[in-house]
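Next come the chains, spelled out residue by residue.
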Amino acid sequence: MSSPSITKETIKHLAKLSRIELTEAEEDRILKDLGNILKHFEELQSLDTKHIAPISSGMGRMNSFREDDACENTNQGGGVELFPEKEGGALKIPPVFE
Amino acid sequence: MNLKDLTIDSFHQGLKEKKFSATEITRAYLEEIKSQDKEIGAYLALRENSALEEASFVDEKIANKEEIDTLSGVPIALKDNMLIKGSVTTAGSKILETHIASYDAGVVTRLKNKHAVLLGKTNLDEFAMGSSTENSAFQKTKNPHDLERVPGGSSGGSAAAVAANMALGALGSDTGGSIREPAAFSGVVGMKPTYGTVSRSGLIAMASSLDQIGPFTKTVKDAALMYEGIRGHDSLDATSIKREYNDKPSEPDFSQIKDLTIGLPEEYFVGGLEKEVEMGLAETIKFYENAGFKIKKISLPHTRYALSCYYVIMPAEVSSNLSRLDGIRYARVPDAAKADRLLDIYLKDRGAGFGTEAKRRIILGAFVLSSGYYDAYYGKAQAVRSLITQDFTRAFDEVDVILSPVTPGPAFKLGEKTDDPLAMYLSDIFTIPVNLAGLPAISIPIKNAPKLPIGFQLIGKPFREADILGLGQYYEAY
């Protein structure tokens, strides 16, 4: 499979998926970079990996379990200490829909 | 107090023999930071009061004739992607400029339990993306050996702190070489342990299947001591390995070390290396040869695919990990303060908060994971990852440790960006495969480097840090 055609539209779409507001200049730059990088990735296609199981870690993955006991949550509320507007224990945000 | 000659080992001895107090030494390091760091820029934040408190606690324990740990009182710097509860932790990014950590990282808990002295947080490339620390949103860090050059990255601040005697040890993180490369550039020891050995809890994640925390020190023995102090299972890190560690790499048996076979991968000893690196590696190999070590040529045939493989997998995991930075949790940048819709908070916070490199990698990661491309890119890269890992497994049937360059040359100048594709390839290719395979690896300064520091790398079998630390201590001893 050769490189897919990446357009400005692709970048805009990816930016929307990633929830990042890009300037026009940033879109242009990333479009160019993405094109170059994807060309580079073509070399991966030349490798025969039909019989290779993909791995997600060099060390092999094991499930990490613990006993199904109730335990105290030690970090409740952590991470939202700086949230600007709270009301009755909830975080107040602007409308989701217009 | 001559901090240049101090090591973690000699510090611990000196404490026990009452040659000096922990408070004295901590003060000396704080003085050193005051006098040098304006030029070098290694630190983003200092913890003067709590550092002195911790030091005096250790002095009290000694006065009461209580046992102290090897790392007690040791002045340590931490890369600013490791959470210390109650402190600002920025990951070198504007998007977390005001973020206050709500819990301690696993390694921080361990260090606090041992009463190490945490001096402060060091500078890094934003979200650990980069190899020069120039991508930090806040400041540049200079190489203490030449202030016009980079210290390396992404853990440049930690490397520079140790190199300039502004910390006796430091922690960094390594995803594709971010401990080993700055160690080589800054003339210090830097080690990345086996994946799963050191807790990633509280390490602001870059690529979850590649990241590991590891030490920067002046000597290999010190690296072994720090590694022994921070390794171990952490129930808060689901990728942390449950394992009993019974070995003591800081006390190697050289008669056993002598039996290790060293492998030289032909794909790593190629043209394009700068003269100093070629000569330095040749001298290092000769050192081990003369000492009677068996040296063998090996092949890691899929080496050249490691770059593409890494640059698919890493951005994919980055885009996933950085999605939590939404202006709701942790912090919100001023640009996103007023928003009419929830969506605008996300768009503006992430648009204004992330730097160029972060945005580039998030977009690339989103692409390779997106519907229609997932199998061709991400799925393919995961299979290639298996091939690269198998290369090492096969090689380790023939040899015990692999020796290689770390970087193609010494530290480059600040602002000097190379366009030469070969140079860019070589700058990553020695370090990246190690992370893909999850192996332990260490960068050690080459003795008598002519001008700027150069490192050589030792790569070990999984959980065989004792081998690479042992070979490294042998190199230092003789």
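Throughout this document, residue positions are counted from 1 along each chain, in the order its sequence is written. Both sets of labels track the order of writing: A upward for chains, 1 upward for ligands. With the structure being a predicted model, the display of local features is reserved for residues of pLDDT at least 70 and the display and counting of side-chain atom pairs for 80 or more, all residues being used for whole-chain, interface and lining totals. Side-chain figures throughout are based on the complete set of non-hydrogen atoms in the structure, without hydrogens or water.

Caption draft 1: The overall build of chain A, seen in detail. Helix numbers and strand numbers start at the N terminus; a helix is a DSSP run of H or I with at least 4 residues, a strand a run of E with at least 2. The number of helices and strands found in chain A is two helices and two strands. For the radius of gyration, the atoms used are the C-alpha atoms, and the globule rule reads 2.2 Å times the number of residues raised to 0.38. A compact globule built from 98 residues should have a C-alpha radius of gyration of about 13 Å, whereas chain A, at 22 Å, is more than 25% larger. Seen through its principal axes, chain A has C-alpha atoms that stretch 55 × 45 × 20 Å. Relative accessibility decides the category of a residue: with a 1.4 Å probe and only protein chains considered, values under 20% of the type maximum give buried, values over 50% give exposed, and everything between is partly exposed. Buried residues in chain A amount to 28% of all 98 residues. The contact criterion used throughout is that any non-hydrogen atoms of two residues lie within 4.5 Å. Across chain A, contacts joining residues at least 24 apart in sequence account for 34% of those joining residues at least 6 apart.

Caption draft 2: Representation of the overall build of chain B within the structure. Scanning chain B from N- to C-terminus turns up 16 helices and eleven strands. By the compact-globule yardstick of 23 Å for 478 residues, chain B fits well, its C-alpha radius of gyration being 21 Å. Projecting the C-alpha coordinates of chain B onto the three principal axes gives extents of approximately 65 × 55 × 45 Å. Counting over 478 residues, chain B shows a buried share of 64%. Once local pairs closer than 6 in sequence are excluded, the contacts in chain B between residues at least 24 apart make up 76%. When the accessible surface of chain B is summed, it comes to about 17,000 Å², and 48% of that surface belongs to carbon and sulfur atoms. For every accessible area listed, the method is Shrake-Rupley and the probe measures 1.4 Å; residues are considered covered only by the protein chains on display.

Caption draft 3: Layout of the packing of aromatic side chains. Side-chain rings of Phe, Tyr and Trp, where Trp is taken by its six-membered ring, are said to pair if the distance between their centres is within 6.5 Å; with planes under 30 degrees apart they count as stacked, over 60 as edge-to-face, and otherwise as tilted. Summed over all chains, the structure comprises 22 aromatic pairs over all chains. Look at B:Phe287 and B:Tyr475: their rings are 5.1 Å apart centre to centre, the planes differ by 80 degrees, and that puts the pair in the edge-to-face class. Of this pair, B:Phe287 sits in helix α9 (residues 275–290) while B:Tyr475 sits in helix α16 (residues 465–477); the two residues are 188 residues apart in sequence, bridging distant segments of the chain. There is no split in this pair, since B:Phe287 and B:Tyr475 are both buried. Ring centres 6.3 Å apart and planes at 55 degrees place the aromatic pair B:Tyr373 and B:Tyr377 in the tilted group. Assessed through its relative accessible area of 23%, B:Tyr373 is described here as partly exposed. Our definition puts a charge over a ring when NZ of Lys or CZ of Arg is within 6 Å of the ring centre and also within 35 degrees of the ring normal. The ring of A:Phe83 has B:Arg332 lying over it, and the distance from NZ or CZ to the ring centre is 5.2 Å. Of note, B:Lys447 hangs over the ring of B:Tyr475, and the distance from its end group to the ring centre comes to 4.4 Å.

Caption draft 4: Representation of the sheet that holds strand β9 (residues 401–405) of chain B within the structure. Residue and element names in this part refer to chain B. Strand order in this open sheet of eleven strands is β1-β3-β2-β4-β6-β5-β10-β11-β9-β7-β8, and the pairing throughout is mixed. Taken across any chain shown, the strands that pair with only one partner, and hence form the sheet edges, are β1 (43–46) and β8 (294–298). Pairwise comparison of adjacent strand axes, ignoring direction, gives a mean angle of 25 degrees for this sheet. Being paired, for any two strands, means DSSP has found at least two bridges between them. Pairing geometry for strand β5 (residues 189–192) and strand β6 (residues 212–217), over two bridges, is antiparallel. Across the sheet, residue glycine 190 finds its bridge partner in β6, namely phenylalanine 216. Axis geometry follows a simple rule: fit a line to the C-alpha atoms, using only the stretch in contact for helices, then measure angles between N-to-C directions, giving values from 0 to 180 degrees. Contacts from helix α13 (residues 374–398) reach β7 (261–265), β8, β9 and β11 (455–460) within the one sheet, and its direction differs from that of β9 by about 115 degrees.

Caption draft 5: How the structure looks around the interface of chain B and chain A. The partner chain A presents 52 residues to the 63 residues of chain B that form the contact. Summed over both partners, the accessible surface that disappears when two parts come together, traced with a 1.4 Å probe, is what is meant by buried area. Both sides together, the interface formed by chain B and chain A hides about 4,900 Å², and carbon and sulfur atoms give 67% of it. Counted as salt bridges are all cases of a side-chain nitrogen of Lys or Arg within 4 Å of a carboxyl oxygen of Asp or Glu. Linking chain B with chain A are three salt bridges. The partner of A:Glu21 in a salt bridge is B:Lys348, with the nearest N and O atoms 3.4 Å apart. A 3.5 Å cut-off defines polar contacts: any pair of N or O atoms within that distance qualifies, except that in protein one atom must be a possible hydrogen donor and the other a possible acceptor, and neighbouring residues in sequence count only when both atoms are side-chain atoms. If you look at where chain B meets chain A, you find 15 residue pairs in polar contact (both at pLDDT 80 or more). Elements supplying a minimum of two residues to the side of chain B that touches chain A: α10 (306–321), α11 (342–353), α12 (356–369), α13 and α15 (432–437) of chain B. In the side of chain B that touches chain A, the residues fall into 37 nonpolar, 14 polar and twelve charged. Basically, the charged four are Asp, Glu, Lys and Arg, the nonpolar ten are Ala, Val, Leu, Ile, Met, Phe, Trp, Tyr, Cys and Pro, and anything else, Gly included, counts as polar.

Caption draft 6: Quick look at the pattern of salt bridges. Considering all chains together, one arrives at 31 salt bridges over all chains under this definition. With its nearest N and O atoms 3.8 Å apart, the salt bridge here joins B:Lys34 to B:Glu48. Here B:Glu48 lies in helix α3 (residues 48–63) and B:Lys34 lies in helix α2 (residues 22–40), a separation of 14 residues in the sequence. Note that B:Asp69 and B:Lys114 form a salt bridge whose closest N and O atoms lie 3.4 Å from each other. In this pair, B:Asp69 sits in the loop between α3 and β2 (75–79) while B:Lys114 sits in the loop between α4 (106–113) and β3 (117–122), placing the two residues 45 residues apart along the sequence. Each of A:Lys8, A:Lys12, A:Glu24, A:Glu27 and A:Asp28 takes part in salt bridges that share partners, so that together they form one network.

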